[in-house]
Every structure is written in structure tokens, then in C-alpha cells.
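Descriptive analysis of the structure
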Amino acid sequence: MNVLWIYAHPEPRSLGGALRDEGVRTLRELGAEVRESDLYAMKWKPVVDADDFGSAAGEERLIVGATSKDAYHSGELSDDILAEHEKLAWADTVIFQFPLWWYGMPAILKGWFDRVFVKGFAYGVRHPDGHTLRYGEGALAGKRAMVLLTAGAPDATIGPRGVNGEINDLLFPLQHGTLWYAGMSVLPPLTVCGADRVSPEQYADAAEALRERLRTLSTRDPIPFRRQNDGDYDEDLVLRDHLAPGRGGIGVHTA
Ligand SMILES: Cc1cc2nc3c(=O)[nH]c(=O)nc-3n(C[C@H](O)[C@H](O)[C@H](O)COP(=O)(O)O)c2cc1C
């Protein structure tokens, strides 16, 4: 197993840092090859700008999507982006670890996706018959992904009726709109709640939960998101009436 661990936390001596160390150590003990992208340690540049696309960018190209695709195919992307592409191409499994900040990922990780998941590399790939590959198919299909996050909110508040909402709803933009969109199979996330006040016993439980999830990385069933091109959606990519009848919202996209 080739595992890429994407880590977005500014402080290595944090709970997140301890879990990262535990996770990487566990994977190596299990015989996996592990590479890391420690975004703060790398001083990852989190904003897309014209420098990402070579010297010609910005003058004649106005649409970022088109720019990134052209840049990818012409090899003009900046070296830090290309290095992440090489790691992703190498990996069969990717762990995305971050603290929940304002219901989402820290900006540095959002900027990693903005700059690394460019057209032609992570999306915008077509089948020979012309249809666009996305949501379960595409450039990163065959790879597994798992989100590992810490959250200050207590366990009871993150759930179907908890005030913070259900975790897979909070993670829908990342798990469905980004990872599954690019073709990756997304394993259920591991969330450590109440992360601002963790006793030694709670830390031991969290570390064991993480080890268990890492032991089953290659066997656990992914979230059964619906595939775009398997017939569940009509030509406008709207879920057909007979599926999840009378229901709407995020949940209907999981079979
Ligand atoms: C800027 C910021 C925003 C946060 N937003 C949330 C939030 O939306 N939901 C939540 O449960 N916790 C939130 N928290 C709490 C963090 O998730 C928590 O402090 C962190 O996961 C603890 O792990 P650490 O000690 O490794 O940083 C936030 C913390 C910060 C600093």
C-alpha cells in the first residue's frame, strides 16, 4: 500500500500532530509505504495566482479552468504543484487530516485542492465516447481517500439531530464534491470530537480507533455515493424520480 498523508495543522505538538505521528507509525508497522505533505511545514502557498501557470499566464488567458488545463498539458505548472501530482500518482490511498475550522478545512488545505486538483489532472477527463468522467470515474479513480479530522464540538452535537449537523453532511463538499468528483473512493471519515479537552483515556481511545481504521484501509467499504454515469441520474444530472422518492438534499446522493 502506498499512502500519501496530507496534514494541515500548524502545530506539531497538537492533538492533530500526535494522531498524525501515531498514524504514520502504524502504517509503517503494517508494511505500508508512507509519504507526507505537511502543508504548514512545507510553507504551502494556498492561493492560486498567475505564477502557477508559467510566464504566459494572465496575459492572454482569462479563465482559470482553461488556464490550468492548458498548463497541465503543456507542463507549465509550478514545481510545487507538480511535486504533489507526482505523490498523488504514486499513492493508492490518501489520508486528509485537519482540524475542523468553521465547519470546513483550514484555508491552507483548501488552497492545496485549488492549486493541485487542476483540470486535466484531477478532473475534466473524457471517455473516448465523449462523456465527461466524474463522480466515481475520472483521473483519480481506483484510489482510496479517507478524512481524519478533529473537532472541538462534543460527540452528541455532531449527528443527524445534533446542532452541528451530521458529519457526512459537513464533509459533503470535500468527500462528494471534490474527492468522489475526481473519481476517488471515499472511506467513512474518522472524527475525534470534543478535541479541545482530551483526557489520556480519550486520547488512547482515539489512537486505537485510528489504528483500527488504518488496519482496514484497503478492505473497508467506501461510502456508497451514486455514480454519475450508471443510470441513477438523468441527462441533466438530476436524480431520477424513482430513487429516494420524495426526498431531496445531500443524503439522496448516497445509495
Ligand atoms: C479557527 C477555528 C475554527 C474552529 N471551528 C470549529 C468548528 O466549526 N467546529 C468545531 O467543532 N470545532 C471548531 N474549532 C475547534 C477545533 O476543531 C479544535 O480546536 C481542534 O480540532 C483541536 O485539535 P488540535 O488541538 O489538534 O488543534 C475551531 C478552531 C479554530 C481555531
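Up top is the structure these notes are about.
Structure report, in brief. The structure presented is a predicted model; accordingly, all values stated were derived computationally and were not measured.

Helices and strands together make up the secondary structure of the protein, namely 7 helices and 8 strands. When the 255 residues of the protein are sorted by exposure, 46% land in the buried category. Pairs at least 24 residues apart make up 75% of the contacts formed inside the protein by residues separated by at least 6 positions. About 12,700 Å² of surface is accessible on the protein, with carbon and sulfur atoms providing 52% of the total. Averaging the locations of the 27 positively and 37 negatively charged side chains of the protein gives two centres separated by 2 Å.

Further remarks concern the pairing of strand 2 (residues 33-38). With 6 bridges connecting them, strand 1 (residues 2-7) and strand 2 associate as parallel partners. Bridging from a neighbouring strand, tryptophan 5 pairs with glutamate 36 of strand 2. On the question of chirality, the crossover connecting strand 1 to the parallel strand 2 by way of helix 1 (residues 15-29) is right-handed.

Near the ligand lie 15 residues; those nearest to it are His9, Gly16, Trp102, Thr150 and Asp196. Here a nitrogen atom of the ligand and a backbone polar atom of glycine 152 are 3.1 Å apart. Here the ligand loses 72% of its free accessible area of 640 Å² to cover by the protein chains.

Here the focus is the packing of aromatic side chains. Overall, the coordinates contain 8 aromatic pairs when judged by the stated rule. Ring centres of tryptophan 112 and phenylalanine 113 lie 5.0 Å apart, and the angle between their planes is 85°; on these two criteria the pair is classed as edge-to-face. Look at tryptophan 112 and you get buried, because its relative accessible area is 0%. For phenylalanine 113, a relative accessible area of 6% puts it in the buried group. For the pair tryptophan 180 and phenylalanine 225, a centre-to-centre distance of 5.9 Å together with 45° between the ring planes defines the contact as tilted. Note that tryptophan 180 is positioned in helix 6 (residues 172-180) and phenylalanine 225 in the segment after helix 7 (200-215), a separation of 45 residues in sequence. A single burial state applies to tryptophan 180 and to phenylalanine 225, both of which are buried.

Trans peptide bonds make up the majority, and among non-glycine residues the majority have a negative phi. One non-glycine residue, tyrosine 135, lies in positive phi territory at about 50°. Inspection of the secondary structure assignment puts tyrosine 135 in the loop between strand 5 (132-133) and strand 6 (144-150). Residue classification places tyrosine 135 among the partly exposed positions, given a relative accessible area of 22%. If you check the backbone angles, leucine 237 has positive phi at about 60° while not being a glycine. Of note, leucine 237 is situated in the segment after helix 7. Of the residues examined, leucine 237 reaches a relative accessible area of 40% and is grouped as partly exposed.

Thresholds applied
- Residues numbered from 1 in each chain as written.
- Predicted model: local features only at pLDDT ≥ 70, side-chain atom pairs only at ≥ 80, totals over all residues.
- Heavy atoms only, no water.
- Helix = DSSP H or I, 4+ residues; strand = E, 2+ residues; numbered from the N terminus.
- Buried < 20%, exposed > 50% of the residue type's maximum accessible area, 1.4 Å probe, protein only.
- Contact = heavy atoms within 4.5 Å.
- Areas by Shrake-Rupley, 256 points an atom, 1.4 Å probe, with all protein chains shown as cover.
- Lys, Arg positive; Asp, Glu negative; His and termini not counted.
- Charge placed at Lys NZ, Arg CZ, Asp CG, Glu CD.
- Pairing = 2+ DSSP bridges.
- Right-handed = clockwise from strand over helix to strand, strands pointing away.
- Near = heavy atom within 4 Å.
- Polar contact = N/O pair within 3.5 Å; in protein donor to acceptor, adjacent residues only side chain to side chain.
- Phe/Tyr/Trp six-rings, centres within 6.5 Å; stacked < 30°, edge-to-face > 60°.

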